[in-house]
Amino acid sequence: MIRFILLQNRQGKTRLSKWYVPFNASEKFKIESEIHRAVVTREPRNTNFLEYRSYKIIYRRYAGMFFIFCVDMNDNELGILELIHLFVEVLDGYFGNVCELDLVFHFDKVYRILDELLLAGEVSETSTSKIIAVMRSVDKMD
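Residues numbered from 1 in each chain as written. Predicted model: local features only at pLDDT ≥ 70, side-chain atom pairs only at ≥ 80, totals over all residues. Heavy atoms only, no water.

Per an unreviewed UniProt entry, the protein chain goes by AP complex subunit sigma and derives from Effrenium voratum. In its Sequence similarities (unreviewed entry) section, the UniProt entry covering the protein chain states "Belongs to the adaptor complexes small subunit family." (UniProt positions renumbered as here; feature names shortened; annotations may be inferred.)

This is the structure we're talking about:
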C-alpha cells in the first residue's frame, strides 16, 4: 500500500503531497524534510529505493522534480517505479509537456489525476487514455 506521495523540487519545496495514513502537521513537515535530504544527497548511480523507518521510499527524478512514493516494505519496487512513470505520462498527456508551474497553478487537476490513478493508496486505473478521457470530460463540465 502506498503510504504517501510527495512531489518536491530540487530545493526541497513540496509541490504536492498526498497522505493515505494520518500524520499531524509537524510530523509531515519533518518527514518531508528528512526524505528530501535523503533523496537529494544520493548519487545518481545508486538505486531509486531506500529504507525509511519501517517503509520503503521509491523515487524518480524528472527534470527538476522528484516524484517520491512511500510504500510498505513488501511492495514491489519496480511496480511502483512503473506507477510513477505512468503518473508522469498522464500528466504529460493532459498538460502537454508538464512542468513545475503546471503542478503549482493547476494543483486541483493534479490531485484529480492522482485520485483517478489511485484509490486509498492502491492502484485503481492504469490506462493513460482512460484517465485523460475522464479528465477531459470533467473539464467540459466546469
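## Some words on the side chain of Asp 75
Here Asp 75 lies in the loop between strand E5 (65–72) and helix H2 (77–95). In this structure the side chain of Asp 75 is engaged in a polar contact, spanning 2.7 Å, whose partner is the backbone nitrogen of Met 1. With residues up to four places along the chain from it excluded, the contact list for Asp 75 reads Met 1, Ile 2 and Lys 56. (Helix = DSSP H or I, 4+ residues; strand = E, 2+ residues; numbered from the N terminus. Polar contact = N/O pair within 3.5 Å; in protein donor to acceptor, adjacent residues only side chain to side chain. Contact = heavy atoms within 4.5 Å.)

## Overview of helix H1 (residues 25–40)
Helix length check: H1, at 16 residues, gives a terminal C-alpha distance of 22 Å against a target of 22 Å (1.5 Å per residue), a fit within 8%. All of the buried residues in H1 are Ile 31, Glu 32, Ile 35, His 36 and Val 39. The buried residues of H1 occupy an angular sector of 130° when projected down its axis, which confines them to one face. Turned more than 90 degrees away from the buried face of H1, the exposed residues are Ser 26, Phe 29 and Arg 37. Contacts from the buried residues of H1 go to strand E1 (2–9), strand E2 (14–19), strand E3 (49–52), strand E4 (55–62) and E5. (Expected span 1.5 Å × (residues − 1). Buried < 20%, exposed > 50% of the residue type's maximum accessible area, 1.4 Å probe, protein only. Arc of directions from axis to C-beta.)

## Concerning the environment of Val 21
Mapped onto the secondary structure, Val 21 falls in the loop between E2 and H1. The class of Val 21 is buried, set by a relative accessible area of 16%. With 19 residues separating them along the chain, Val 21 and Ile 2 place their C-alpha atoms 8.9 Å apart.

## Focus: the sheet that holds E5
Read across the open sheet, the five strands follow the order E2-E1-E5-E4-E3; overall the sheet is antiparallel. The open sheet has two edge strands, E2 and E3, and neither has a second partner. Pairwise comparison of adjacent strand axes, ignoring direction, gives a mean angle of 20° for this sheet. Contacts from H1 reach E1, E2, E3, E4 and E5 within the one sheet, and its direction differs from that of E1 by about 65°. In the packing of H2 onto the sheet, contacts are made with E1, E3, E4 and E5, and the angle to E4 comes to roughly 40°. (Pairing = 2+ DSSP bridges. Axes fitted to C-alpha atoms, helices over the stretch in contact; angles between N-to-C directions.)

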